[in-house]
Amino acid sequence: METDLHELLRSLRVWDPEVTDLPPLDPATAPTAPLPLFTTWFAEAVAAGQTEPHTMSLATTDEENHPDVRIVMLHGADATGWSFATHSGSRKGRHLAAHPYAALGFYWPVQGRQVRVRGPVTVAPPEQAQSDLHARSAGALAAALTGHQSEVLASLDELAQASGAAWEQAQREPDTEVPSWTLYRLQPEEVEFFQGDARRRHVRLLYRRTADGWTRELLWP
(Lines give C-alpha, C1' and ligand atoms only; values in the text may rest on other atoms or scores of the structure.)
Protein backbone atom coordinates (compact mmCIF):
# COMPACT_ATOMS: atom_id res chain seq x y z
CA MET A 1 0.00 0.00 0.00
CA GLU A 2 1.43 3.35 -1.04
CA THR A 3 2.05 5.79 1.78
CA ASP A 4 0.17 9.09 1.60
CA LEU A 5 2.71 11.62 2.83
CA HIS A 6 0.16 14.34 3.53
CA GLU A 7 -2.08 12.01 5.52
CA LEU A 8 0.93 10.85 7.48
CA LEU A 9 1.97 14.43 8.21
CA ARG A 10 -1.53 15.35 9.42
CA SER A 11 -1.51 12.38 11.80
CA LEU A 12 1.57 13.56 13.67
CA ARG A 13 1.61 15.70 16.79
CA VAL A 14 4.22 18.14 18.04
CA TRP A 15 5.16 17.92 21.70
CA ASP A 16 2.75 15.16 22.69
CA PRO A 17 2.15 15.77 26.43
CA GLU A 18 2.51 12.05 27.11
CA VAL A 19 6.19 12.14 26.13
CA THR A 20 7.11 15.84 26.29
CA ASP A 21 7.62 18.18 29.22
CA LEU A 22 7.63 21.89 28.38
CA PRO A 23 9.49 23.64 31.21
CA PRO A 24 9.26 27.43 31.52
CA LEU A 25 11.98 29.88 30.50
CA ASP A 26 12.08 33.05 32.59
CA PRO A 27 14.24 35.61 30.76
CA ALA A 28 14.56 37.62 33.99
CA THR A 29 16.59 34.84 35.60
CA ALA A 30 18.67 33.94 32.53
CA PRO A 31 22.45 34.35 32.87
CA THR A 32 24.21 37.32 31.31
CA ALA A 33 26.05 35.13 28.77
CA PRO A 34 24.71 32.27 26.64
CA LEU A 35 27.21 29.51 27.45
CA PRO A 36 26.01 28.87 31.05
CA LEU A 37 22.41 28.59 29.85
CA PHE A 38 23.44 26.27 27.01
CA THR A 39 25.33 24.06 29.46
CA THR A 40 22.30 23.90 31.76
CA TRP A 41 19.91 23.10 28.93
CA PHE A 42 22.26 20.46 27.54
CA ALA A 43 22.52 18.75 30.93
CA GLU A 44 18.74 18.88 31.32
CA ALA A 45 18.26 17.35 27.88
CA VAL A 46 20.55 14.47 28.85
CA ALA A 47 18.74 13.99 32.16
CA ALA A 48 15.37 14.03 30.37
CA GLY A 49 16.45 11.16 28.11
CA GLN A 50 16.78 13.14 24.91
CA THR A 51 18.23 10.90 22.21
CA GLU A 52 21.66 12.04 20.97
CA PRO A 53 21.45 15.58 22.38
CA HIS A 54 25.00 16.26 21.18
CA THR A 55 24.02 16.09 17.51
CA MET A 56 23.34 19.36 15.73
CA SER A 57 22.63 20.82 12.32
CA LEU A 58 25.60 22.60 10.75
CA ALA A 59 24.77 25.11 8.02
CA THR A 60 27.49 26.39 5.70
CA THR A 61 27.68 28.30 2.42
CA ASP A 62 29.39 26.90 -0.64
CA GLU A 63 31.70 28.65 -3.08
CA GLU A 64 28.69 29.97 -5.03
CA ASN A 65 27.00 31.30 -1.87
CA HIS A 66 24.41 28.52 -1.81
CA PRO A 67 23.43 27.17 1.63
CA ASP A 68 23.98 23.59 2.72
CA VAL A 69 23.18 21.74 5.94
CA ARG A 70 23.92 18.40 7.60
CA ILE A 71 23.95 16.76 11.04
CA VAL A 72 27.26 16.63 12.90
CA MET A 73 28.40 16.03 16.48
CA LEU A 74 29.25 18.70 19.02
CA HIS A 75 32.79 18.15 20.34
CA GLY A 76 32.76 20.88 22.97
CA ALA A 77 31.57 24.34 23.94
CA ASP A 78 33.65 26.75 26.01
CA ALA A 79 35.17 30.22 25.87
CA THR A 80 36.93 29.31 22.60
CA GLY A 81 33.62 28.51 20.88
CA TRP A 82 31.36 25.61 19.86
CA SER A 83 33.56 22.85 18.38
CA PHE A 84 33.06 20.24 15.67
CA ALA A 85 35.42 18.32 13.38
CA THR A 86 35.68 16.96 9.87
CA HIS A 87 38.18 16.42 7.07
CA SER A 88 39.47 19.66 5.58
CA GLY A 89 38.77 18.32 2.09
CA SER A 90 35.17 17.31 2.80
CA ARG A 91 32.31 19.34 1.39
CA LYS A 92 31.79 21.26 4.63
CA GLY A 93 35.55 21.69 5.00
CA ARG A 94 35.73 23.28 1.55
CA HIS A 95 32.75 25.48 2.34
CA LEU A 96 34.36 26.72 5.54
CA ALA A 97 37.62 27.42 3.72
CA ALA A 98 35.72 29.61 1.24
CA HIS A 99 33.33 31.17 3.75
CA PRO A 100 34.46 30.75 7.38
CA TYR A 101 31.06 31.54 8.88
CA ALA A 102 28.43 29.02 9.93
CA ALA A 103 25.29 28.35 11.93
CA LEU A 104 24.41 25.54 14.34
CA GLY A 105 20.98 24.27 15.33
CA PHE A 106 20.12 22.01 18.27
CA TYR A 107 16.63 20.53 18.70
CA TRP A 108 15.61 18.74 21.88
CA PRO A 109 11.92 17.84 21.36
CA VAL A 110 11.62 16.01 24.68
CA GLN A 111 11.50 19.50 26.23
CA GLY A 112 10.39 21.54 23.23
CA ARG A 113 13.71 23.37 23.07
CA GLN A 114 15.90 24.72 20.30
CA VAL A 115 19.24 26.51 20.42
CA ARG A 116 20.56 28.39 17.40
CA VAL A 117 24.15 29.61 17.20
CA ARG A 118 25.92 31.50 14.44
CA GLY A 119 29.22 33.26 13.94
CA PRO A 120 32.68 33.09 12.36
CA VAL A 121 34.58 29.81 12.31
CA THR A 122 38.29 29.33 12.98
CA VAL A 123 40.58 26.30 12.69
CA ALA A 124 42.16 24.92 15.86
CA PRO A 125 45.89 24.03 15.89
CA PRO A 126 46.63 20.62 14.30
CA GLU A 127 47.81 19.09 17.57
CA GLN A 128 44.44 19.90 19.14
CA ALA A 129 42.65 18.27 16.22
CA GLN A 130 44.68 15.07 16.60
CA SER A 131 44.13 15.06 20.36
CA ASP A 132 40.40 15.44 19.76
CA LEU A 133 40.40 12.55 17.30
CA HIS A 134 42.37 10.20 19.55
CA ALA A 135 40.09 10.94 22.50
CA ARG A 136 37.24 9.34 20.54
CA SER A 137 36.52 5.70 19.75
CA ALA A 138 38.46 3.29 17.53
CA GLY A 139 35.53 3.52 15.14
CA ALA A 140 35.92 7.27 14.87
CA LEU A 141 39.61 6.88 14.07
CA ALA A 142 38.84 4.16 11.52
CA ALA A 143 36.29 6.41 9.82
CA ALA A 144 38.83 9.24 9.72
CA LEU A 145 41.51 6.91 8.31
CA THR A 146 39.14 5.68 5.61
CA GLY A 147 39.21 9.21 4.23
CA HIS A 148 37.83 10.40 0.87
CA GLN A 149 34.87 12.09 2.61
CA SER A 150 32.43 13.64 0.10
CA GLU A 151 34.28 12.18 -2.90
CA VAL A 152 32.42 10.03 -5.43
CA LEU A 153 32.32 6.34 -4.37
CA ALA A 154 32.44 3.68 -7.08
CA SER A 155 30.76 0.92 -5.05
CA LEU A 156 29.95 -0.27 -1.55
CA ASP A 157 32.55 -3.00 -2.01
CA GLU A 158 35.22 -0.33 -2.39
CA LEU A 159 34.02 1.29 0.85
CA ALA A 160 34.05 -2.06 2.68
CA GLN A 161 37.64 -2.77 1.64
CA ALA A 162 38.90 0.68 2.60
CA SER A 163 36.99 0.64 5.89
CA GLY A 164 38.26 -2.83 6.78
CA ALA A 165 41.86 -1.76 6.27
CA ALA A 166 41.26 1.41 8.29
CA TRP A 167 39.74 -0.55 11.18
CA GLU A 168 42.78 -2.83 11.27
CA GLN A 169 45.13 0.16 11.33
CA ALA A 170 43.09 1.96 14.01
CA GLN A 171 43.24 -1.08 16.30
CA ARG A 172 46.92 -1.78 15.52
CA GLU A 173 48.10 1.84 15.69
CA PRO A 174 45.62 3.82 17.85
CA ASP A 175 47.86 6.91 17.81
CA THR A 176 47.92 7.20 14.03
CA GLU A 177 47.55 10.80 12.92
CA VAL A 178 45.16 11.90 10.18
CA PRO A 179 46.52 15.18 8.75
CA SER A 180 43.24 16.15 7.08
CA TRP A 181 41.26 15.82 10.32
CA THR A 182 40.41 19.36 11.35
CA LEU A 183 38.87 20.78 14.50
CA TYR A 184 36.73 23.86 13.90
CA ARG A 185 35.47 26.37 16.44
CA LEU A 186 32.47 28.59 15.89
CA GLN A 187 32.78 31.79 17.94
CA PRO A 188 29.16 32.86 18.47
CA GLU A 189 27.93 36.32 17.56
CA GLU A 190 24.31 35.34 18.23
CA VAL A 191 22.78 32.56 20.34
CA GLU A 192 19.01 32.09 20.47
CA PHE A 193 17.20 29.93 23.03
CA PHE A 194 13.70 28.81 22.04
CA GLN A 195 11.39 27.33 24.67
CA GLY A 196 8.17 25.85 23.33
CA ASP A 197 4.84 26.51 25.05
CA ALA A 198 1.68 24.40 24.85
CA ARG A 199 -0.42 27.51 24.06
CA ARG A 200 2.09 28.53 21.38
CA ARG A 201 3.38 31.41 23.50
CA HIS A 202 6.91 30.31 22.78
CA VAL A 203 9.73 32.17 24.51
CA ARG A 204 12.64 33.23 22.28
CA LEU A 205 15.61 34.72 24.09
CA LEU A 206 18.35 36.11 21.84
CA TYR A 207 21.89 36.91 22.96
CA ARG A 208 23.93 39.25 20.76
CA ARG A 209 27.65 39.82 21.21
CA THR A 210 28.75 43.46 21.40
CA ALA A 211 32.02 45.22 22.11
CA ASP A 212 30.94 45.45 25.76
CA GLY A 213 29.75 41.85 26.18
CA TRP A 214 26.35 40.28 25.58
CA THR A 215 22.96 41.92 25.15
CA ARG A 216 19.68 40.05 25.61
CA GLU A 217 16.35 40.61 23.91
CA LEU A 218 13.08 38.78 23.37
CA LEU A 219 11.71 37.89 19.92
CA TRP A 220 8.14 37.33 18.87
CA PRO A 221 7.47 33.62 18.30
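The structure this text deals with has already been given above.
Rules and cut-offs
- Residues numbered from 1 in each chain as written.
- Predicted model: local features only at pLDDT ≥ 70, side-chain atom pairs only at ≥ 80, totals over all residues.
- Heavy atoms only, no water.
- Helix = DSSP H or I, 4+ residues; strand = E, 2+ residues; numbered from the N terminus.
- Buried < 20%, exposed > 50% of the residue type's maximum accessible area, 1.4 Å probe, protein only.
- Contact = heavy atoms within 4.5 Å.
- Areas by Shrake-Rupley, 256 points an atom, 1.4 Å probe, with all protein chains shown as cover.
- Salt bridge = Lys/Arg side-chain N within 4 Å of Asp/Glu carboxyl O.
- Polar contact = N/O pair within 3.5 Å; in protein donor to acceptor, adjacent residues only side chain to side chain.
- Patch = residues over 30% accessible without salt bridge, like charges linked within 9 Å, V, L, I, M, F, W, Y side chains within 5 Å.
- Axes fitted to C-alpha atoms, helices over the stretch in contact; angles between N-to-C directions.
- Parallel < 35°, antiparallel > 145°, perpendicular 65-115°, else oblique.
- Left-handed = near helix turned anticlockwise from the far one by under 90°.
- Core = buried A, V, L, I, M, F, W, Y, C linked by side-chain atoms within 4.5 Å.
- Arc of directions from axis to C-beta.

For the chain, the count of helices and strands is six helices and ten strands. Expressed along its principal axes, the backbone C-alpha trace of the chain runs to roughly 60 × 55 × 40 Å. The 221 residues of the chain split such that 34% are buried. Pairs at least 24 residues apart make up 66% of the contacts formed inside the chain by residues separated by at least 6 positions. Taken as a whole, the chain presents about 13,300 Å² of accessible surface, with 54% of it coming from carbon and sulfur.

As a further point, take the environment of Trp 220. Along the polypeptide, Trp 220 turns up in the segment after strand S10 (213-219). In this structure Trp 220 comes out as exposed when scored by relative accessible area, which is 78%. Separated by 95 residues in the primary sequence, Trp 220 and Pro 125 place their C-alpha atoms 40 Å from one another.

This brings us to the pattern of salt bridges. Using the criterion set out here, one finds eleven salt bridges in the structure. A salt bridge links Glu 192 to Arg 116, with the nearest nitrogen and oxygen atoms 3.0 Å apart. Of this pair, Glu 192 sits in strand S8 (residues 190-195) while Arg 116 is found in strand S6 (residues 113-123), placing the two residues 76 residues apart along the sequence. According to the relative accessible area criterion, Glu 192 is buried, its value standing at 5%. In this structure, the salt-bridge partner of Glu 192 is Arg 204, at a minimum N-O distance of 2.6 Å. In this pair, Glu 192 sits in strand S8 while Arg 204 sits in strand S9 (residues 203-210), placing the two residues twelve residues apart along the sequence. This pair shows no difference in class: Glu 192 is buried, exactly as Arg 204 is. A network of salt bridges, in which partner residues are shared, links Arg 118, Glu 190, Arg 208 and Glu 217.

This part covers the environment of Asp 197. One can find Asp 197 in the loop between S8 and S9. Residue classification places Asp 197 among the partly exposed positions, given a relative accessible area of 27%. Distance from Asp 197 to His 95, taken between C-alpha atoms, is 36 Å for residues 102 residues apart in sequence. Excluding residues that lie within four positions of it along the chain, Asp 197 makes contacts with Trp 15, Leu 22 and His 202. A polar side-chain atom of Asp 197 sits 2.9 Å from the main-chain amide nitrogen of Arg 199.

Turning our eyes to something else, we now look at a nonpolar patch on the surface. A contiguous nonpolar patch, built from Leu 5, Leu 8, Leu 9 and Leu 12 and spanning about 410 Å² of accessible area, is present on the exposed surface. By relative accessible area, which is 53% here, Leu 5 ends up exposed.

So, about the packing of helix H5 (residues 138-146) against helix H6 (residues 156-172). Running from N to C, H5 and H6 cross one another at 130 degrees; their axes reach a closest spacing of 8 Å. Classified by the angle between their axes, H5 and H6 sit oblique to one another. For the element pair H5 and H6, the recorded crossing hand is right-handed. Residues Ala 138, Gly 139, Leu 141, Ala 142, Leu 145 and Thr 146 of H5 touch H6, and the partners they reach there are Leu 159, Ala 162, Ser 163, Ala 166, Trp 167, Gln 169 and Ala 170.

Turning next to the nonpolar core. Ranked by internal contacts, the top residues of the largest apolar core, which has 26 residues, are Phe 38, Trp 82, Phe 84, Leu 104, Phe 106, Val 115 and Phe 193. Of all the secondary-structure elements, those providing two or more residues to this core are helix H2 (34-47), strand S1 (55-61), strand S4 (81-87), strand S5 (101-108), S6, strand S7 (181-186), S8 and S9. Counting twelve residues, the second largest nonpolar core, distinct from the first, contains Leu 133, Leu 141, Ala 142 and Trp 181.

Turning next to helix H4 (residues 126-134). If you check which residues of H4 are buried, you get Ala 129, Gln 130, Asp 132 and Leu 133. The buried side chains of H4 occupy one side of the element, clustering within an arc of 160 degrees when seen end-on.

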